[in-house]
Amino acid sequence: MAEAEPLLLRVDQAEPRYNEALQTAVAACAADTVGQTCYICYGEGDEDEGLVRRCSCRGDNGFVHLSCLVRAAQVAVERGDGPGWMRWDTCGLCEQEYYGDVLCALGWACWKTYMGRPETDLARRFAMTRLGHGLLETRHHEDAVSVMEAQLSLERRLGAPERLMLVVRSNLASSYEALGRNEEAMNLQQDVYSGCLRLNGEEHYDTLLAANNYAVSLFGLDRFEEAKLLVRKTMPVARRILGENDGLVLMMRSIYGTALYDDPAATPDDLREAVSTLEDAGGIARRVLGGKHPTAVKIEQSLRQARA
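Figured I'd write up the structure that's included with this text. (Residues numbered from 1 in each chain as written. Predicted model: local features only at pLDDT ≥ 70, side-chain atom pairs only at ≥ 80, totals over all residues. Heavy atoms only, no water.)

## Brief notes about the pattern of salt bridges
(1) Moving on: Under the criterion given, the structure shown has 25 salt bridges.
(2) Moving on: The salt bridge involving Lys 112 is made with Glu 15; its shortest N-O contact spans 3.5 Å. Here the residue Lys 112 occupies a position in helix H3 (residues 100-114), and Glu 15 occupies one in helix H1 (residues 11-33), the gap between them amounting to 97 residues.
(3) Moving on: For Glu 15, a relative accessible area of 40% translates into the label partly exposed.
(4) Moving on: Two residues, Asp 280 and Arg 253, come together in a salt bridge whose shortest N-O distance is 2.7 Å. With Asp 280 in helix H11 (residues 268-288) and Arg 253 in helix H10 (residues 247-262), this pair connects stretches of sequence that are 27 residues apart.
(5) Moving on: Note on Arg 253: relative accessible area 5%, which makes it buried. (Salt bridge = Lys/Arg side-chain N within 4 Å of Asp/Glu carboxyl O. Helix = DSSP H or I, 4+ residues; strand = E, 2+ residues; numbered from the N terminus. Buried < 20%, exposed > 50% of the residue type's maximum accessible area, 1.4 Å probe, protein only.)

## Describing the packing of helix H7 (residues 182-200) against helix H8 (residues 205-220)
(1) Moving on: Look at H7 against H8: their axes get within 8 Å of each other, and the N-to-C directions meet at 155 degrees. Comparing their axes, H8 and H7 come out roughly antiparallel. In this structure, the crossing between H7 and H8 has a hand that is left-handed. Taking contact as the criterion, the partners of Asn 182, Ala 185, Met 186, Gln 189, Gln 190, Val 192, Tyr 193, Cys 196, Leu 197 and Asn 200 in H7 are, on H8, Asp 206, Thr 207, Ala 210, Ala 211, Asn 213, Tyr 214, Ser 217, Leu 218 and Gly 220.
(2) Moving on: A breakdown of the residues in the contact of H7 with H8 according to their chemical character gives 10 nonpolar, 8 polar and 1 charged. (Axes fitted to C-alpha atoms, helices over the stretch in contact; angles between N-to-C directions. Parallel < 35°, antiparallel > 145°, perpendicular 65-115°, else oblique. Left-handed = near helix turned anticlockwise from the far one by under 90°. Contact = heavy atoms within 4.5 Å. Nonpolar A, V, L, I, M, F, W, Y, C, P; charged D, E, K, R; others polar.)

## Overview of H1
(1) Moving on: In this model, H1 (23 residues) spans 32 Å end to end at C-alpha, consistent with the 33 Å of a helix rising 1.5 Å per residue.
(2) Moving on: At Ala 27, H1 shows its largest kink, close to 30 degrees.
(3) Moving on: Of all the residues in H1, the buried ones are Gln 13, Ala 14, Tyr 18, Ala 21, Leu 22, Ala 25, Val 26, Cys 29 and Thr 33.
(4) Moving on: Turning to H1, the residues buried within the fold contact strand S1 (51-52), helix H2 (66-79) and H3.
(5) Moving on: Among the residues trailing H1, Gly 35 stands out with phi positive, at a value near 75 degrees. (Expected span 1.5 Å × (residues − 1). Bend = angle between axes of the 7 residues up to and from the residue.)

## Overview of the state of the cysteines
(1) Moving on: Scanning the model with the defined rule gives 0 disulfides in all.
(2) Moving on: The cysteine Cys 41 is free of any disulfide, with Cys 38 supplying the nearest cysteine sulfur at 3.8 Å.
(3) Moving on: The closest cysteine sulfur to the non-disulfide-bonded Cys 57 is located on Cys 55, 3.7 Å from its own sulfur. (Disulfide = S-S within 2.5 Å.)

## Here's the deal with empty space enclosed by the protein
(1) Moving on: Under the definition given, this model contains 1 cavity of 30 Å³ or more.
(2) Moving on: Every residue along the wall of the largest cavity is listed here: Tyr 193, Leu 197, Glu 202, Thr 207, Leu 208, Ala 211, Lys 233, Thr 234 and Val 237.
(3) Moving on: In terms of residue class, the lining of the largest cavity is built from 5 nonpolar, 2 polar and 2 charged. (1 Å grid on protein atoms, 1.4 Å probe; cavity = no way out; pocket = protein on both sides within 12 Å on 5 of 7 lines; lining within 4 Å. Points joined across faces, edges and corners; volume = space filled by probe spheres on them.)

No statement about biological role is implied by the geometric values presented.
This is the structure we're talking about:
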């Protein structure tokens, strides 16, 4: 017998939650979108729906109606385009993932689109993942945990392959960490990292991402030396495989720099290395992602503290 899904996943919740998330996203972007036009339909923001932009586009690029993004994602998936599913969370212009309120609104739109399918349907399960990410991104941590625990229960019941289970467990660990459940998060991330190493080897993207998440969880428990050792081991591999401009590489360097200066046992050499690491990573992040991107903002904050 299937377990009851959380209240927020009920059919009658999808439309009002999406509308609320849409209004929040439009309001958050309002100051930046005045006088701009949608790059998909070429229409302007109006009283019915304003424009949004929360990616790495700059200048006059990337302004769009959320409803246009939703339809473009639906069409891409229906056509079976190779990157079709990416359109649910990634900008088609700059190819960077949306963030903040826009990502959350897209998560609700994705769930609203596919929630009526059977629970075995991969699209419905993908939509749960997108919704969980969007809720976590906008600090709706309790709701994110609710969705991710429901998905973990579902995937276990359906006998999902280990590769998928590792992804779901890692997502849940991130939501636990956001709630301060750091020990649970660390144990999960450690298991996920070990599983990814065994399944994929050390050069696979999933393994590198799992290493980064495990390092974050160690850092959250003030286990600085373990976090630094892990990043020192995996960061050179990530830089070689993914390149210096990759978002995951930048996150790894941010974690490493922060662990260097935040460690109570940091030496003057550690502090100098932290500043140097964060200065270099910050410059790349601003150039590639833009100064308003969360990764660039986080690196800049860490750099200021390291200099201090």
